[in-house]
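Chain and residue survey
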Amino acid sequence: MSPYFLRAATGPAQFPRGTLPEVAVAGRSNVGKSSLINTLLGCRDLAKTSRTPGRTQAIVFFSVDDRWLLVDLPGYGYAKVPEAVRRQWRPLVEAYLAGRETLRLLLLLIDIRRDVGEEERDLVSWLSHRGIPWLPVLTKADKLSRSRALTRRRELMGQLPGGGAGEPVLFSARTGEGKKKLGDTIPIFLQNKAQ
Ligand code: GDP
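Residues numbered from 1 in each chain as written. Predicted model: local features only at pLDDT ≥ 70, side-chain atom pairs only at ≥ 80, totals over all residues. Heavy atoms only, no water.

**Remarks on the side chain of Asp 111**
One can find Asp 111 in strand S5 (residues 103-111). According to the relative accessible area criterion, Asp 111 is buried, its value standing at 7%. Polar contacts involving the side chain of Asp 111 include one to the main-chain amide nitrogen of Arg 113, which spans 2.9 Å. When sequence neighbours within four positions are dropped, the list of residues in contact with Asp 111 reads Val 31, Thr 139 and Lys 140. (Helix = DSSP H or I, 4+ residues; strand = E, 2+ residues; numbered from the N terminus. Buried < 20%, exposed > 50% of the residue type's maximum accessible area, 1.4 Å probe, protein only. Polar contact = N/O pair within 3.5 Å; in protein donor to acceptor, adjacent residues only side chain to side chain. Contact = heavy atoms within 4.5 Å.)

**A short note on the site of the ligand**
Around the ligand, the structure places 15 residues, and the nearest of them are Lys 33, Ser 34, Ser 35, Asp 142 and Ala 173. One of the side-chain nitrogen or oxygen atoms of Arg 174 is found 3.3 Å away from a nitrogen atom of the ligand. About the coverage of the ligand: the protein hides 82% of its 580 Å² of free accessible area. Here the residues of the shell around the ligand are counted per class, giving two nonpolar, seven polar and six charged. (Near = heavy atom within 4 Å. Areas by Shrake-Rupley, 256 points an atom, 1.4 Å probe, with all protein chains shown as cover. Nonpolar A, V, L, I, M, F, W, Y, C, P; charged D, E, K, R; others polar.)

**Here we look at helix H3 (residues 118-130)**
Its 13 residues give H3 an end-to-end C-alpha distance of 18 Å, which sits within 8% of 18 Å, the value for a rise of 1.5 Å per residue. By the burial criterion, the buried members of H3 are Glu 120, Leu 123, Val 124 and Leu 127. Buried positions in H3, seen along its axis, are confined to an arc of 100° and lie on one side of it. Projecting away from the buried face of H3 at angles above 90 degrees are the exposed residues Glu 118 and His 129. Where H3 is buried, its residues contact strand S2 (22-27), helix H2 (83-99), S5 and strand S6 (134-139). (Expected span 1.5 Å × (residues − 1). Arc of directions from axis to C-beta.)

**Quick notes on the nonpolar core**
Counting 32 residues, the largest nonpolar core has Leu 73, Tyr 96, Leu 97, Leu 106 and Leu 108 as its most contacted members. Put simply, the parts of the chain that give this core at least two residues each are S2, strand S3 (59-64), strand S4 (68-72), H2, S5, H3, S6 and helix H4 (146-159). Sorting elements by how many residues they give to this core places H2 first, with five residues. Apart from residues no more than four positions distant in its own chain, Leu 108 is found in contact with Ala 26, Tyr 76, Glu 120, Leu 123, Val 124, Trp 134, Leu 135, Pro 136, Val 137 and Leu 160. Grouped together as the second largest cluster of nonpolar side chains are 24 residues, Leu 36, Phe 62, Leu 182 and Leu 190 included. (Core = buried A, V, L, I, M, F, W, Y, C linked by side-chain atoms within 4.5 Å.)

**Section: helix H1 (residues 33-41)**
For H1, a buried count of eight out of nine residues is recorded, marking the element as mostly surrounded by other parts of the structure. What H1 keeps buried is the set Lys 33, Ser 34, Leu 36, Ile 37, Asn 38, Thr 39, Leu 40 and Leu 41. Gly 42 sits one or two residues past H1 and shows a positive phi near 70°.

**Examining the sheet that holds S2**
One open sheet holds the seven strands; their spatial order is S1-S3-S4-S2-S5-S6-S7, and the pairing between them is mixed. Among the strands making up the open sheet, the edge pair consists of strand S1 (3-9) and strand S7 (169-170). Two elements, S2 and S4, share four bridges in a ladder whose sense is parallel. Bridge assignment links Ala 24 to a residue of S4, and that residue is Val 71. (Pairing = 2+ DSSP bridges.)

**Some thoughts on the layout of surface pockets**
Estimates place the volume of the second largest pocket at around 310 Å³. Contributing to the lining of the second largest pocket are 15 residues, with Met 1, Trp 68, Ile 186, Pro 187 and Leu 190 lying nearest its centre. Elements with a minimum of two residues in the lining of the second largest pocket: H1, S4 and helix H5 (179-190). Per-element tally for the lining of the second largest pocket: the top contributor is H5, with six residues. When its residues are assigned to classes, the lining of the second largest pocket shows ten nonpolar, two polar and three charged. (1 Å grid on protein atoms, 1.4 Å probe; cavity = no way out; pocket = protein on both sides within 12 Å on 5 of 7 lines; lining within 4 Å. Points joined across faces, edges and corners; volume = space filled by probe spheres on them.)

**Remarks on unusual backbone geometry**
If you check the backbone angles, Asn 30 has positive phi at about 75° while not being a glycine. Take Asn 30: it is sitting in the loop between S2 and H1. The phi dihedral of Asp 65 falls on the positive side, at around 55°, and the residue is not glycine. According to the relative accessible area criterion, Asp 65 is partly exposed, its value standing at 34%.

Below, the structure is given as structure tokens:
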């Protein structure tokens with residue numbers, strides 16, 4: 001796989017204009033988003049882990065094999081971010097989700113130890129409204145025993161509104177669990193036509 005940083009966009013004018021299909025990744029700050037992106041793309045530090053919160057919110061586009069784009073949506077829920085920066089999140093992400101015809105799938109990352117929050121429920125109703133397929137990914141699965149992880153998956157499925165594109169994927173950047181599952185699933189969605 002040969003991924004590279006394409007661009008960071010702080011507004012719709014900077015979104016890439018091509019026709020390549022896209023998979024977006026969203027989640028609360030510290031959920032393990034950068035670690036997942038690096039694991040999926042097979043790079044140690046393409047998506048920077050633990051970026052300092054507080055800077056301008058941006059959507060980051062990575063090109064993969066010049067065939068599809070992986071889109072890193074800004075994390076939400078930073079406790080320490082100034083209100084002015086926090087307010088940028090919604091319009092930026094909504095501008096992306098509302099008009100992005102090349103978007104084929106959104107991976108919604110949830111820390112397996114946390115409950116589904118208001119932000120996730122908001123995002124999911126938005127996606128469902130727009131007909132954008134989304135798939136829950138439960139991160140840091142290595143932090144729990146197998147049986148506890150499976151129990152948490154059932155609990156979290158109960159907390160999410162229906163309409164996800166499949167049962168939540170257990171993922172760990174530490175052990176590599178879930179990498180193959182996502183690697184097999186993403187191409188299926190990339191082949192889909194726009195809704
Ligand atoms: P982001 O803020 O969502 O981009 O999250 P990061 O990828 O920077 O990860 C946040 C913290 O969680 C870091 O300390 C990571 O080392 C840790 N982390 C990320 N993924 C995993 C995982 O799969 N297992 C464990 N145990 N820790 C993880």
